[in-house]
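Structure assessment
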Amino acid sequence: MIKKIALVLAVSLLIISFFYFDLNELLTLDGLKSSMGQFDQYKAQSPWLVIGGFFFVYILVTALSLPGATIMTLAAGALFGLFQGLLIASFASSIGATLAFLVSRYLLRDSIKQRFPERLHSIDSGIKKEGAFYLFTLRLVPIFPFFLINLLMGVTAIKVKTFYWVSQLGMLAGTLVYVNAGTQLAQIESLSNIFSFNLLASFALLGLFPLLAKGILNILKKRRVYKNYTKPKTFDRNMIVIGAGAGGLVTSYIAATVKAKVTLIEAGEMGGDCLNYGCVPSKALIKSAKVVEQMRNGERYGLNNSQPEFSFNNVMSRIHKVIADIAPNDSVERYSNLGVEVLKGYAKFVDPWTIEIALNDGGTQRLTARSIVIATGARPFVPNLPGLEETGYVTSDTLWNTFSKLEKPPSKLVVLGGGPIGSELAQAFARLGSNVTQIESGERLLKKEDVEVSAFAQQALIESGVDVLTSHQAIRCETRDDKKYLIVERYSESTDKQEIAIEYDELICAVGRSARLEGYGLESLGIETERTINTDEYLETLYPNIYAAGDIVGPYQFTHMAAHQAWYAAVNSLFGNLKKFKVDYRVVPWTTFLDPEIARVGLNEQEAIDKGIDFEITRYDFKDLDRAVTESANHGFIKVITPKGKDKILGVTIVAEHAGDLMAEFILAMKHGLGLNKILGTIHIYPTWTEGNKYAAGEWKRNHAPEKILNLLEKYHTWRRS
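Every value quoted in this text rests on a predicted model; they were computed, and no experiment measured them.

**A few points about empty space enclosed by the protein**
In total, this model carries 1 cavity of 30 Å³ or more according to the counting rule given. Its boundaries defined by the atoms lining it, the largest cavity holds a volume of some 30 Å³. Contributing to the lining of the largest cavity are Ile-286, Ala-289, Glu-424, Gln-427, Ala-428, Arg-431, Phe-593 and Leu-594. Contributing elements (two or more residues each) for the lining of the largest cavity: helix 14 (279-296) and helix 19 (420-431). Here the lining of the largest cavity gets 4 residues from one element, more than from any other, and that element is helix 19. Across the lining of the largest cavity, the residue classes break down as 5 nonpolar, 1 polar and 2 charged.

**With respect to the sheet that holds strand 8 (residues 412-416)**
What the 5 strands build is an open sheet, ordered 7-14-8-9-10; its pairing is parallel. Whereas interior strands pair on both sides, the edge strands pair on one side only; in this sheet they are strand 7 (394-395) and strand 10 (467-470). Relative to the sheet, helix 19 contacts strand 8, strand 9 (435-440) and strand 14 (506-509), its axis offset from that of strand 9 by approximately 165°.

**Looking at the confidence of the model for the protein chain**
Overall, the predicted model of the protein chain reaches an average pLDDT of 88, with 89% of residues at or above 70. Helix 10 (residues 197-207) is the least confidently modelled element of the protein chain, averaging 51 in pLDDT, while strand 21 (residues 651-656) averages 98, the highest of any element.

**Some details on the nonpolar core**
In this structure, Phe-349, Ile-355 and Ile-533 are the most contacted members of the largest nonpolar core, which totals 50 residues. One finds Ala-428, Val-468, Ala-510 and Leu-594 within the second-largest nonpolar core, a separate group that totals 38 residues.

**What to know about the packing of aromatic side chains**
Summed over the entire model, instances satisfying the criterion amount to 19 aromatic pairs. Aromatic side chains Phe-456 and Phe-637 sit 6.1 Å apart centroid to centroid with 80° between the ring planes, which places their arrangement in the edge-to-face category. Placement of the pair is Phe-456 in helix 20 (residues 451-463) and Phe-637 in strand 20 (residues 637-643), with a sequence separation of 181 residues. With a relative accessible area of 27%, Phe-456 lands in the partly exposed category. Taking 5.5 Å as the distance between ring centres and 25° as the angle between the ring planes, the aromatic pair formed by Phe-558 and Trp-590 counts as stacked. Here the residue Phe-558 occupies a position in the loop between strand 16 (546-548) and helix 22 (559-575), and Trp-590 occupies one in strand 17 (residues 589-592), the gap between them amounting to 32 residues. The exposure class assigned to Phe-558 is partly exposed, which follows from its relative accessible area of 24%. Taking relative accessible area as the criterion, Trp-590 reaches 15% and is therefore assigned buried.

**Quick look at a nonpolar patch on the surface**
A surface patch of nonpolar side chains, amounting to about 520 Å² of accessible area, comprises Ile-709, Leu-710, Leu-713, Tyr-716 and Trp-719. With respect to the secondary-structure elements, Leu-713 resides in helix 28 (residues 707-721).

**Focus on unusual backbone geometry**
Look at the link from Gly-554 to Pro-555: it is a cis peptide, with omega at 0°. Note on placement: Pro-555 falls in the loop between strand 16 and helix 22. Tyr-686 connects to Pro-687 through a cis peptide bond whose omega is -10°. Of note, Pro-687 is situated in the loop between helix 26 (676-680) and helix 27 (691-703). For Leu-446, which is not a glycine, the phi torsion comes out positive at approximately 45°. Secondary-structure assignment places Leu-446 in the loop between strand 9 and helix 20. Residue Leu-446 is classed as buried on the basis of its relative accessible area, which comes to 5%. Although it is not a glycine, His-658 sits at a positive phi angle of roughly 65°.

Parameters at a glance
- Along each chain, residue indices are assigned from 1 in the same order as the chain's sequence is written.
- Local features in this predicted model are restricted to residues whose pLDDT is 70 or higher, and side-chain atom pairs enter the listing and the counts only when it is 80 or higher, whereas totals over whole chains, interfaces and linings include all residues.
- Hydrogens and waters are ignored; side-chain quantities use all the structure's heavy atoms.
- Buriedness for pockets is judged along seven lines, at least five of which must meet protein on both sides within 12 Å for an open set on the 1 Å grid over protein atoms alone, while cavities are sets there where a 1.4 Å probe fits but cannot get out, and lining residues have an atom within 4 Å of a point.
- Grid points are joined across faces, edges and corners, and a volume is the space filled by probe spheres set on the points.
- Each helix is a run of DSSP H or I of at least 4 residues and each strand a run of E of at least 2, with the numbering of both proceeding from the N terminus.
- Just so you know the grouping, Ala, Val, Leu, Ile, Met, Phe, Trp, Tyr, Cys and Pro go in nonpolar, Asp, Glu, Lys and Arg go in charged, and all remaining residues, Gly too, go in polar.
- Pairs of strands are assigned from DSSP output, requiring at least two bridges between the strands.
- Throughout, a contact is declared for two residues whenever any of their heavy atoms are within 4.5 Å.
- Working convention: axes come from line fits to C-alpha atoms, limited for helices to the stretch in contact. Angles between N-to-C directions cover 0 to 180 degrees.
- Confidence scores labelled pLDDT are given residue by residue by the predictor and lie between 0 and 100.
- The term nonpolar core refers to a set of buried residues drawn from Ala, Val, Leu, Ile, Met, Phe, Trp, Tyr and Cys, joined through side-chain atoms within 4.5 Å.
- Note on classification: 1.4 Å probe, protein chains only; a residue is buried when its accessible area is under 20% of the maximum for its type, exposed when over 50%, partly exposed between these limits.
- Centre distance within 6.5 Å is the pairing criterion for rings of Phe, Tyr and Trp, where only the six-membered ring of Trp is used; planes under 30 degrees apart are then read as stacked, over 60 as edge-to-face, and the remainder as tilted.
- For patch detection, residues must exceed 30% relative accessible area and be free of salt bridges, and they are connected within 9 Å for like charges or within 5 Å for nonpolar side chains (Val, Leu, Ile, Met, Phe, Trp, Tyr).
- With residues, only the protein chains shown are counted as cover, and all accessible areas are computed by Shrake-Rupley using a 1.4 Å probe.
- Throughout this description, the term salt bridge denotes a Lys or Arg side-chain nitrogen within 4 Å of a carboxyl oxygen of Asp or Glu.

In structure tokens, the structure reads:
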């Protein structure tokens, strides 16, 4: 801080001195003309001293953003001629600009990052990808004040060396014009003689050159990636969509709505993982387990505790019935009626426009489309654990059919994984009567949440009967005397690694999900993949007509994010020749459906610390909420992250029953830039859970009460009583 203050004082002193000693008069056209004779004498006597002094002064004027850089450039031409003047002015202006850039970065970037973290992050992301291109375009057009460009670029994350060489190259054209004009200094009556309207227009057109070049490069890129293929003269479809999960269904629905001819290809069940294996069945299971828990603890509600009797077969049958009840919303019939052609089979790329479908009925069909959207989703990841295949396991996809054959819940159940899926299943099966052991290699569950949220979740699981083992690494599975065991290794700083054998009847593998990248010809086209398909911010792959959406892309593997991306994939693929839209990841919410639920949107406390944001936390505990008290569920809290002293919402975490539903108000507020004051000023129905949001906003208001005004009001009321 002291260094920054010293730098500000030094810069301020130099600027004040510049004006105090009337040096600004020298950096005018009249001042330059009147002093040229004296400069010529100095140059004749000490040429290298004049060159060095001029070079230093030019750098100083530019670095301090002083008015007069234009005159200095004219002087370079007048004193040193075209070639030498251009060399001196070009390097001096670039070095001075870089110094101004560095001063701006040192003094301003950190404070701006603290005040506007999300906005600056968005700018930095764009600068990282195309910062040189943006800067080059601005440098080519002298109508943009160069000193302002220096200061603004200093706030961004553009690299110093990139800033320097782009400035050196980009300012060359404008510098040449001024230096050349300086060689004819006697004929110049005003600066308008140099920069006529026609010249400015020419520079403006020159500024379009990078845009034109970028367009040409895009055309060349297309020609390069398509060079080994022959584009069809006509197409069978406007769009083909591969995969009928959330991403594929929404994409094809949008395409059909705007009257495009679209074909949706799906080999398995319509609705994808969410309907058939994920969100829907797991939430149905969680509901049954919660009812069992409420019956077992009836005294909380003034009733008698009772040990519920139930058929596990009936529980699993209900889950399949729930799936069947929702399935018509995602069915072939519904989408056919909406105008989508649905083909059941396996899709494979023949070329960038052609798909071959191995139909489930045994036939094959080839279709061409102007655009293709890949939405094949993800599958559970199964680690390469010795003995796992031999002893057997289920995943979040396969357990529903496997467990439907059981007469009762697994007696001894191991859940491998401490993320949302593993935690939800562990709690549900523990409540249904299984002896559940949950294994997590990390130090805590739900590692993407705050530490206190992880601790809250772990305590909720323990209270439900789950034996939670964190910092335990699964190393192998084995069979002993017809019994199955998972061998784990416990990590401890105080002791050596210790092996523990955990007996189980069933093992659920829930350590994450991996994108479905194989089986439909991506490798034959050379489409780049890492753990997901590589796309740009428009969801475009290597081929401009092939897009991807959903879990196959990431970075968030949520059904609602797949649907969100689907809009961009559909619109960009159909209308990208007219206008493209970058995917908006600014406000991404999610919920872990434990009891109580854990919902989050935006930053949490740890992320705010990691980003160096000057923030504050507003907290409201549900123990004081009337509706929570009436339902004997007054545990949990709302935690809101805001910038210091402001009501702008940077992030919210809610731990409570119905947390996912409560979050909607905060999501809307963040999306549309509404602060806590707006939430506080909104009427909330009494008695409802949503009042918690209002009370959280009220806590922020109370913490920022205007004490001076309140003191004056107190005196006013005291005077009124006298």
